[in-house]
Amino acid sequence: MSSLVTQLKSDEMLLNMGPQHPSTHGVLRFILKTDGEIVTACEPDVGFLHRSIEKICEKCDYPGFMPYTDRVDYLAAMNANHAYALAVERLAGIEVPRRAQVIRVITDELNRIICHGAIGVGALGMDLGAATPFLHAMRERETVNDIIEELCGARLTYNYVRIGGVWFDLPDGFVEKVTAFLNHFELAWEEINRLLTDSVIFRTRLMNVGTITAGDAVSYGLVGPVLRATGIKRDVRRDQPYAIYPELEFDIPVGTGTFGTLGDCFDRHLVRVEEVRQSVKIVRQCLKLLEPGPVIAKVPKNIKPPAWADVYSAVEAPRGEMGFYLMSNGTGKAHRCKIRTGSFAAMSIISRMAPGMMIADLVAFIASLDVVAPEIDR
Amino acid sequence: MDKKSLLEMVSARFGDRIECGPEANPTPFIIVRNPQKDLLDIVKTLRDDSGFSFKYLATVAATDHPPVSEKKGEPPPPGPGHQFSTAVLKSYEHGTTLMVKAKLDRNNPHVPSLAGLYGAAIWHEREQYDLLGVIYDGHPDLRRIMLPDDWTGHPLRKDWTEQDNYRGIQTTRESMHDIFARRVKETEGYDFRRGGSAAGEETAES
């Protein structure tokens, strides 16, 4: 029982937001204590989608756990695949061929484009009542889904990255199709962006709302666009690089506070908009780096890392750092797996930020954090 | 900064209050010898000292090691009959990762909470309490987070067994493999063409 229920005063109201609420993007519940329209306390109630993926990992062998990582964050499954593969490779000391690394970065960034495009930016608009940009973004997402479906046969839960490389080589005409998509998308993105960012209503709803200070962001372990919107230039791709990211040229956009306060909802939106442009730039560079070669290393059928070694390795997923803590026990199965996700950290700050907000602003705030329910609960 | 120099720096700073992990480990770690006394102090120094500046708590991951009989040829687990509470600290300035482990008695796993140092620890420690039963002393809000309040046991412990039912809902069921095997056994000797047991049919004819 939540402690909020027992401490209610007579002029206060207890409001249940969720578990089925259009703005929560999945099954999430918030217990709100409100005074009129103003939230005085908020308690997120998570766990509705808890499937104990960490326990499943202890029962599966290392390659067999790969499909489950898709379900951690179904909107950015490629990044989750990559994070897990990287952790096992570091644990077992497996080298990945160069072509596989380039393909991984291409698919990661394509995934980031559709994830930020359709959900991070598009769904933020939809939560505030602007459905059109969301549908435009979903149309672009379909193209990427088709391209990736040709690559690995799946549209959302890819299961494409393998320990030591990737599953298949690129199909014929992949490079041309991706180039054609990017040429089209760059223009479409500016159009979607004009519909949202330049809209006065959209701006007014987001500016000076839900301002997270840099100190809070670091203390609460926020990652990804939410952290960068507070003006802190931190990105796993740059600070602890993996794959071929050190060779690539890209900027890390940070919040500037030009329109509102530094670290408000609008800054988070702008950071995502700019990150998509950077991802387009990265994919274009990677397409030039593709050279013929093997796409998967020679990996033993039963991967047995040294006993009682443990690793924490992270990648930059669309929602920030996604890390896997793995401990081996000398057999083909992990002893312990802990998944660290960006949404979990972002949820933990809501109860701190919510007091004093209007209920409608809380919806905008949650949408701008871009949390995904299965990623919180795992 | 590479792993070796980080471990040297940490061991020079804290001396025999900590035990350094092997250098071959993919991610460097230290074990605090007396977590009740030293853990908070050491983590605070790691956070605030500009030489380390581990400003960011990535995650808290507890591990469970039940007591086992040693098997031949296999290296023994690091602490049979113990739990470890591992705090993963990261420094973006230096690009380093360090895991700070505290070894706890499995039957009475108490460890000081890091919630006073990192806001992120509040939820991460709640999750470890929920799933592994580690008790974080001084935590402001130590409740279950993923599972319902009236759930019994901590599922990520190695010796956890599922409760039969939760509020009248059955939680376990026969596996499909077992059901199939049982059905095969039940229909043994049954003649499907004649609609009766093969033995019974013979007696009827004779």
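Residues numbered from 1 in each chain as written. Chains lettered and ligands numbered in written order. Predicted model: local features only at pLDDT ≥ 70, side-chain atom pairs only at ≥ 80, totals over all residues. Heavy atoms only, no water.

## Some points on the overall build of chain A
Of regular secondary structure, chain A possesses 16 helices and 8 strands. Dimensions along the principal axes, computed over C-alpha positions, put chain A at roughly 70 × 50 × 35 Å. Burial status across chain A gives 62% buried among its 378 residues. A separation threshold of at least 6 residues defines the contact pool for chain A, and within that pool the share at least 24 residues apart is 72%. Within the structure as shown, chain A displays about 13300 Å² of accessible surface, and the carbon and sulfur contribution to it stands at 56%. Computing the positive centroid from 41 side-chain charges and the negative centroid from 46, chain A places the two 4 Å apart. (Helix = DSSP H or I, 4+ residues; strand = E, 2+ residues; numbered from the N terminus. Buried < 20%, exposed > 50% of the residue type's maximum accessible area, 1.4 Å probe, protein only. Contact = heavy atoms within 4.5 Å. Areas by Shrake-Rupley, 256 points an atom, 1.4 Å probe, with all protein chains shown as cover. Lys, Arg positive; Asp, Glu negative; His and termini not counted. Charge placed at Lys NZ, Arg CZ, Asp CG, Glu CD.)

## Quick look at the environment of G15(B)
Looking at the element boundaries, G15(B) is found in the loop between α1 (3–14) and β1 (18–20). Sequence spacing of G15(B) and R182(B) is 167 residues, and the spatial spacing of their C-alpha atoms is 62 Å.

## Things to note about the interface of chain B and chain A
Interface size is commonly expressed as the accessible area that is lost once the parts come together. At the junction of the two partners, chain B supplies 48 residues and chain A supplies 40 residues. With both sides pooled, the region where chain B packs onto chain A buries about 3800 Å², and carbon together with sulfur makes up 56% of that total. When the area that chain B buries against chain A is broken down by residue, the three leading residues are Y92(B), W123(B) and M146(B), summing to 21%. Taken together, the links from chain B to chain A amount to 7 salt bridges. In this structure, D310(A) and K101(B) form a salt bridge, with 2.5 Å as the shortest nitrogen-oxygen distance. If you look at where chain B meets chain A, you find 24 residue pairs in polar contact (both at pLDDT 80 or more). Secondary-structure elements contributing two or more residues to the side of chain B that touches chain A are β3 (56–65), β4 (82–91), β5 (96–105) and α3 (121–132) of chain B. Looking at which element gives the most residues to the side of chain B that touches chain A, the answer is β3(B), with 10 residues. A class-by-class count of the residues in the side of chain B that touches chain A yields 26 nonpolar, 12 polar and 10 charged. (Buried area = accessible area lost by both parts, 1.4 Å probe. Salt bridge = Lys/Arg side-chain N within 4 Å of Asp/Glu carboxyl O. Polar contact = N/O pair within 3.5 Å; in protein donor to acceptor, adjacent residues only side chain to side chain. Nonpolar A, V, L, I, M, F, W, Y, C, P; charged D, E, K, R; others polar.)

## Concerning the sheet that holds β5(B)
All names here are of chain B. Spatial strand order, β1-β2-β5-β4-β3: 5 strands in an open sheet with mixed pairing. Two strands in the sheet have a free side with no partner beyond their single neighbour: β1 and β3. For this sheet, the mean angle separating the axes of adjacent strands, direction not counted, is 25 degrees. Sheet topology note: the β3/β4 ladder contains 9 bridges and is antiparallel. Directly across from A62, in β4, lies its bridge partner S85. (Pairing = 2+ DSSP bridges. Axes fitted to C-alpha atoms, helices over the stretch in contact; angles between N-to-C directions.)

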